[in-house]
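# Structure at a glance
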Amino acid sequence: METIRVNIGKALGGAVNEKDVFAYAKAVEESMVKLHEGTGKGNDFLGWLHLPSSITEGHLSEIETAAKQLRDRCDVVVVIGIGGSYLGAKAVIEALSDSFVQLKGSGSNPMVLFAGQNIGEDYLYELLDLLKNKSFGLINISKSGTTTEPAIAFRLLKKELESQVGEGEAKKRIIAVTDASRGALRKLSDIEGYKTFIIPDNVGGRFSVLTPVGLLPIAVAGFDIRKLVAGAEIMEAECGIDIPFDKNPAAVYAATRNALYRAGKKIEILVNFNPKLHYFAEWWKQLYGESEGKDHKGIFPTSVDFTTDLHSMGQWIQDGERTIFETVLSVEKMKHNVSIPKDEEDLDGLNYLAGRRVDEVNKMAELGTQIAHVDGGVPNLKISIPEISEKYLGELIYFFEKACGISGYLLEVNPFDQPGVEAYKKNMFALLEKPGYEDATKAIKARL
Ligand SMILES: O=P(O)(O)OC[C@H]1O[C@](O)(CO)[C@@H](O)[C@@H]1O
């Protein structure tokens, strides 16, 4: 059976060698044990570990039924959420969609838009303006149920929906995904009688894409959540505790990036040569950034879209400070076939490419870049993806989650909390004079 594959060959021979990676084998094994026995830091957030294999047929059917209810009633569904309550669904939908879906439409599928992932006033104005002529519904996602960005978006969009279709119909077009018992969104949903899905207590936001947080919007967009989960289940087995170090992709990836980090490679750049994977990298950045960046430690996760960014960041990567390494998401097979036409004049000198596929040029750009960057002192890991499909995206998701858990323990941090995110929120509430923040308001205003 074909699966995604990790190749670390081009990451070795410079800053680290095979021995340095294998030196992590014992620590990786210990990290695996901590994850599987629940004895490590943050062990009350390990629900994601067996999520793919424990999702029931009944649960998937319930999600599909709710998705159908929205699909039947709405031309547009706005998914409200931020961070882990946004990025997984956005990543998968973007990867699987036609690049111009917003202009072409997507047949019988509703258009899926996002809100609550920023506090852009113009963004919200323009969204509300667009929705004035549309039959729309809402999926409101917040694990805590108290996050400011989605709460503002929901208040505005709920009001617009109710004024368009009335309170009764609006209730049928709103689905909430939130905590079982806590938070403002739970309370509101119970009062209003919205259909709800629960985010399990033991699954943190950035590990929640295989819960209704990701699965419901993905199903609404018309994609096959069963294949996504089945792909994740394949990687759950392939990255299992019983798979030896050198055969276990999550173990090898976690060990290699930690060996590189110890050798001074402080920045990991997730590279794609396929614009459909732009948001997958955004999802990955939250996963690794929030999990590892703490106690003044952690690889800084960043990303680039090639070849686009070879014409902007390419110079820095080739020649800048040698503190970086790259992890390339390499998609093997394209969905479509476009060949370069012959031109009689050949003024652009491209006839040497006539009859050859655009993807062949892209693949040579990828290979040429790999050789150039390795020559320039940038270690290169490659993750081969047979094609962009639900199955392989599911594999990628679980692979990165498992490697993240292992990697966080190798780094000796708690990979499952995010205390640092509270600092900006506290200041923002103090500056906005939120009730309960009176002392903080006085203190922060004195500093301005
Ligand atoms: O789902 P919630 O509780 O609204 O949180 C959204 C995001 O905000 C954070 O808590 C950080 O503020 C993330 O960890 C999370 O993914």
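This structure is a prediction, so every number in the text was calculated from the model and none was measured.

### Observations concerning the nonpolar core
Within the largest apolar cluster, 97 residues are counted, with the highest numbers of intra-cluster contacts made by L216, F280, W283, L393 and F400. In terms of residue count, helix α16 (residues 390-410) provides more of this core than any other element does, 12 residues in total. A domain split of this core shows at least three residues from each of domain 1 (5-41 + 229-417) and domain 2 (51-227). The residues contacting L393, other than those within four sequence positions of it, are V92, A95, L96, L228, L277, F280 and I388. Counting residues in each nonpolar core, the second largest holds 19 residues, with L127, F154, A170 and Y194 among its members.

### Section: the sheet that holds strand β4 (residues 136-142)
Taken together, 5 strands build an open sheet; the order of strands is β3-β2-β4-β5-β6 and the sheet is parallel. Of all the strands in the sheet, just β3 (111-115) and β6 (195-198) have a single pairing partner and so form its edges. Sheet twist, expressed as the average angle between the axes of neighbouring strands with direction ignored, equals 20 degrees. Of the strand pairs in this sheet, strand β2 (residues 76-80) and β3 are connected by 5 bridges, and their pairing is parallel. Along β3, the bridge assignment pairs V78 with L113. In the packing of helix α7 (residues 121-131) onto the sheet, contacts are made with β2, β3 and β4, and the angle to β3 comes to roughly 150 degrees. Packing of helix α9 (residues 184-192) onto the sheet brings it into contact with β4, β5 (174-178) and β6, and relative to β5 it is tilted by some 145 degrees.

### What to know about the pairing of β5
Judged by how many residues are buried, β5 sits mostly within the fold: 5 of 5 residues are covered. Neither face of β5 is exposed, since I174, A176 and T178 on one face and I175 and V177 on the opposite face are all buried. Across 5 bridges, β4 lies against β5 in parallel orientation. Opposite S142, over in β5, you have T178 as the bridge partner.

### Brief notes about the sheet that holds strand β9 (residues 324-333)
Taken together, 5 strands build an open sheet; the order of strands is β1-β10-β9-β7-β8 and the sheet is mixed. The sheet is open, and its two borders are formed by β1 (5-7) and β8 (300-305), each paired with just one other strand. In this sheet, adjacent strand axes meet at a mean angle of 20 degrees when their direction is disregarded. Note: strand β7 (residues 267-272) against β9, 6 bridges, orientation parallel. What sits directly across from E268, in β9, is F325. Sheet strands touched by α16: β1, β7, β9 and β10 (380-387). Its angle to β10, the strand with the most contacts, is close to 150 degrees.

### A short note on a negative patch on the surface
Residues E121, D122, E126 and D129 make up a contiguous surface patch of negative charge. Summarising the element assignment, E121 is placed in helix α7. Residue classification places E121 among the exposed residues on the basis of a relative accessible area of 67%.

### Let's talk about the domain arrangement of the protein
Along its sequence, the protein is carved into domain 1 (5-41 + 229-417) and domain 2 (51-227). Taken together, the contacts link 30 residues of domain 1 with 29 residues of domain 2. Both sides of the domain 1 and domain 2 interface together cover about 2,500 Å² of buried area, and 63% of this is carbon and sulfur. Broken down residue by residue, the surface that domain 1 buries against domain 2 is led by V229, Y279 and E390, which jointly contribute 30%. Applying the counting rule to domain 1 against domain 2 returns 1 salt bridge. For the interface between domain 1 and domain 2, the tally reads 14 residue pairs in polar contact (both at pLDDT 80 or more). Put simply, the parts of the chain that give the side of domain 1 that touches domain 2 at least two residues each are α11 (225-238), α13 (278-292) and α16.

### Quick look at the site of the ligand
S85, S142, K143, S144 and T147 are the nearest of the 13 residues found near the ligand. Interatomic distance of 2.6 Å between a side-chain N/O atom of S85 and an oxygen atom of the ligand. Between S144 and the ligand, the recorded distance is 2.6 Å, taken from a side-chain N or O atom to an oxygen atom. In isolation the ligand exposes 390 Å². Once the protein is present, 89% of that is buried. Per-class residue counts for the shell around the ligand are 2 nonpolar, 8 polar and 3 charged.

What counts, and where the lines are drawn
- Residues numbered from 1 in each chain as written.
- Predicted model: local features only at pLDDT ≥ 70, side-chain atom pairs only at ≥ 80, totals over all residues.
- Heavy atoms only, no water.
- Core = buried A, V, L, I, M, F, W, Y, C linked by side-chain atoms within 4.5 Å.
- Buried < 20%, exposed > 50% of the residue type's maximum accessible area, 1.4 Å probe, protein only.
- Helix = DSSP H or I, 4+ residues; strand = E, 2+ residues; numbered from the N terminus.
- Domains from an automatic or database assignment.
- Contact = heavy atoms within 4.5 Å.
- Pairing = 2+ DSSP bridges.
- Axes fitted to C-alpha atoms, helices over the stretch in contact; angles between N-to-C directions.
- Patch = residues over 30% accessible without salt bridge, like charges linked within 9 Å, V, L, I, M, F, W, Y side chains within 5 Å.
- Areas by Shrake-Rupley, 256 points an atom, 1.4 Å probe, with all protein chains shown as cover.
- Salt bridge = Lys/Arg side-chain N within 4 Å of Asp/Glu carboxyl O.
- Lys, Arg positive; Asp, Glu negative; His and termini not counted.
- Charge placed at Lys NZ, Arg CZ, Asp CG, Glu CD.
- Buried area = accessible area lost by both parts, 1.4 Å probe.
- Polar contact = N/O pair within 3.5 Å; in protein donor to acceptor, adjacent residues only side chain to side chain.
- Near = heavy atom within 4 Å.
- Nonpolar A, V, L, I, M, F, W, Y, C, P; charged D, E, K, R; others polar.

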